[in-house]
Amino acid sequence: MPFANFKVPEAALTTTQKEEIVHRTTAMLVEYFSEAARPHTMVLIEEIKDGGYARADEVFVIPEAYRAKD
């Protein structure tokens, strides 16, 4: 079973954008593994709360201007 896991900042994507990621990722994996993989493909989008991720000692908080509006 192909499995893709995306971790994104909470509220960074709209529901429509998440659906697009699911569809495009599934299509890509089907290209590699054949159509037989489609019903078994799992795409997980995890939203990480502000302050729950960092790089090089910098803790990230998504600015209000970048928050998705559904």
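Before reading on, note that the structure itself is shown above.
Summary of the structure given here.

The secondary structure content of the protein amounts to 1 helix and 4 strands. Across the protein, helices and strands are ordered from the amino to the carboxyl terminus as β-α-β-β-β. For 70 residues, the compact-globule estimate of 2.2 N^0.38 gives 11 Å, and the protein exceeds it by more than 25% at 15 Å. Its C-alpha atoms put the protein at 40 × 30 × 15 Å along the principal axes.

Attention shifts here to the side chain of T26. Tracing the chain through its elements places T26 in helix 1 (residues 15–33). Accessibility expressed as a relative area gives 11% for T26, which makes it buried. Polar contacts involving the side chain of T26 include one to the main-chain carbonyl oxygen of V22, which spans 2.8 Å. If we ignore the near neighbours within four places in the chain, the residues touching T26 are R38, T41 and V43.

This part takes up the pairing of strand 2 (residues 42–48). Looking at chain direction, strand 1 (residues 3–9) and strand 2 are connected through 7 bridges and run parallel. Bridging from a neighbouring strand, N5 pairs with L44 of strand 2. As for the winding sense of the linkage, the β-α-β connection from strand 1 through helix 1 to strand 2 is right-handed.

Another aspect to go through is unusual backbone geometry. Excluding glycine, residues mostly carry a negative phi; peptide bonds, for their part, are mostly trans. Non-glycine residue S34 carries a positive phi angle of around 90 degrees. Take S34: it is sitting in the loop between helix 1 and strand 2. Judged by relative accessible area, which is 37%, S34 ranks as partly exposed. Positioned with a positive phi, A56 is a non-glycine residue whose angle comes to about 50 degrees. Position of A56 among the secondary structure elements: in the loop between strand 3 (54–55) and strand 4 (58–59).

Moving on, we get to the environment of P39. Within the secondary structure, P39 sits in the loop between helix 1 and strand 2. In this structure the C-alpha to C-alpha distance between P39 and T26, which are 13 residues apart in sequence, comes to 9.4 Å.

What counts and what doesn't
- Residues numbered from 1 in each chain as written.
- Predicted model: local features only at pLDDT ≥ 70, side-chain atom pairs only at ≥ 80, totals over all residues.
- Heavy atoms only, no water.
- Helix = DSSP H or I, 4+ residues; strand = E, 2+ residues; numbered from the N terminus.
- Rg over C-alpha atoms; globule rule 2.2 N^0.38 Å.
- Buried < 20%, exposed > 50% of the residue type's maximum accessible area, 1.4 Å probe, protein only.
- Polar contact = N/O pair within 3.5 Å; in protein donor to acceptor, adjacent residues only side chain to side chain.
- Contact = heavy atoms within 4.5 Å.
- Pairing = 2+ DSSP bridges.
- Right-handed = clockwise from strand over helix to strand, strands pointing away.

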